Amino acid sequence: ARSRGAAGAALLPSMLMFGVILASSGLLLMIERGILAQVGPPPPHPPAGPSRRDGRDSPAELELEVLRDTRNRTIRALCGQRSMPRSVWELPPGQRRTVLRHLLVSDKYRFLYCYVPKVACSNWKRILKVLDGALESVDVQGKMDHKSDLVFLGDMKPEEISYRLKHYYKFIFVRNPMERLLSAYRNKFGEIKEYQQKYGVEIVRRYRKNGGNSAGDDVSFSEFLQYLLDEDVERMNEHWMPIYNLCQPCAVRYDFIGSYERLHADANLVLERVQAPSSVRFPERQAWYKPVTAQTLHYYLCSTQRRLLREILPKYILDFSLFAYPLPNITSEFCRQ
């Protein structure tokens, strides 16, 4: 454990060094061996949905309850470690600035939403603008402005921040870490010229022999992962920064953790909980959007060097373990299929 922690500390400088690495590694073992069932009751969370009339839950509902219970217990176990922060004020200044500028505020409906890029955050921002009256409908066409008509917790005074963290409903939506990385890669380097020029050109120059003439639009997934491996987590762009660093689930006690995998159902639970008007619904996926399918993810992972995948996982291990996502299957047998 010591050797693993020492190696991981270099990879995770922003995650409280050895203590967090050790805790997250232990949690993976605990999940595997079923020890987390002994960690005490989880914090309350909204119901998964209506039960069947005979009083028994459907298999899908039971599976969802197990998932939420696992997430709650894992977060409770990790965040109970002495070295972990209990509030945003215990965070180092850089980490505190990051989480506070990702917490969006609705004073009218008394909630805080920690937005995570590549986890449907644009649609949630649309909803906040509609609830605040700045946007007529979630279906209004046009490029999304990610700054105007939004209230960020980081722009408030310390006493205002503390009050809202204590009294407002707080939620976050999460996604499989590798799927989120692939989505960011395909979107930013395949479609956004600004990212190609700002990041792509440098990535190719750094990791490809004779890559100085690239326009940054031909970055390979392996080159992208190598860049992430060498990047300080604190300096990462928000589109590929770990969710743990963006939203600090130990320093902020979230009332609800929604999943990208059941986005609309979980979004409806949140909208019902904050008593949003019934006319406000979560937007449908845009026609132009190209989702990352399981087959697409498997193709990219199986086409990537295993060494590189093994080395990148420690940087995102807390996202895997805290939010109960399985580590990617890259065995030879699986990839041959």
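Cut-off values and rules
Residues numbered from 1 in each chain as written. Predicted model: local features only at pLDDT ≥ 70, side-chain atom pairs only at ≥ 80, totals over all residues. Heavy atoms only, no water. UniProt positions renumbered as here; feature names shortened; annotations may be inferred. Pairing = 2+ DSSP bridges. Helix = DSSP H or I, 4+ residues; strand = E, 2+ residues; numbered from the N terminus. Axes fitted to C-alpha atoms, helices over the stretch in contact; angles between N-to-C directions. Contact = heavy atoms within 4.5 Å. Phe/Tyr/Trp six-rings, centres within 6.5 Å; stacked < 30°, edge-to-face > 60°. Lys NZ or Arg CZ within 6 Å of the ring centre and 35° of its normal. Core = buried A, V, L, I, M, F, W, Y, C linked by side-chain atoms within 4.5 Å. Buried < 20%, exposed > 50% of the residue type's maximum accessible area, 1.4 Å probe, protein only.

- The chain appears in an unreviewed UniProt entry as Carbohydrate sulfotransferase from Prunella fulvescens.
- The UniProt entry for the chain carries this comment under Sequence similarities (unreviewed entry): "Belongs to the sulfotransferase 2 family."
- Checking UniProt for the chain, the heading Subcellular location (unreviewed entry) contains the comment "Golgi apparatus membrane".

**Description of the sheet that holds strand 4 (residues 256-259)**
At step 1: Here we have four strands laid out as an open sheet, ordered 1-2-3-4, and mixed in their pairing. Both edges of this open sheet fall to strand 1 (103-106) and strand 4, since each of them pairs with a single strand only. For this sheet, the mean inter-axis angle between neighbouring strands, taken without regard to orientation, is 25°.
At step 2: Inspection of the sheet shows strand 3 (residues 169-174) paired to strand 4 by four bridges, in the parallel sense. Bridged to V174 within strand 4 is S259.
At step 3: Helix-sheet contacts for helix 5 (residues 121-131) involve strand 1, strand 2 (111-114) and strand 3, and the interaxial angle to strand 2 is about 155°.
At step 4: Helix 11 (residues 263-273) contacts strand 3 and strand 4 of the sheet and is inclined by roughly 175° relative to strand 3.

**Considerations on the packing of aromatic side chains**
At step 1: Enumeration over the complete set of coordinates arrives at 25 aromatic pairs.
At step 2: The rings of Y185, F189, Y195, Y199, F221, F224, Y227, W240, Y299 and Y300 are connected pair by pair, giving a single aromatic cluster.
At step 3: The lysine or arginine in question, R71, covers the ring of Y325, its NZ or CZ lying 5.3 Å from the ring centre.
At step 4: Positioned above the aromatic ring of Y260, the side-chain terminus of R175 is 3.9 Å from the ring centre.

**Focus on the nonpolar core**
At step 1: In terms of nonpolar packing, the biggest core is built from 95 residues, with L103, W124, F224, L228 and W240 touching the most fellow members.
At step 2: Each residue touching L228, except ones within four places of it in the same chain, is listed here: L181, M236, W240, I312, K315 and Y316.

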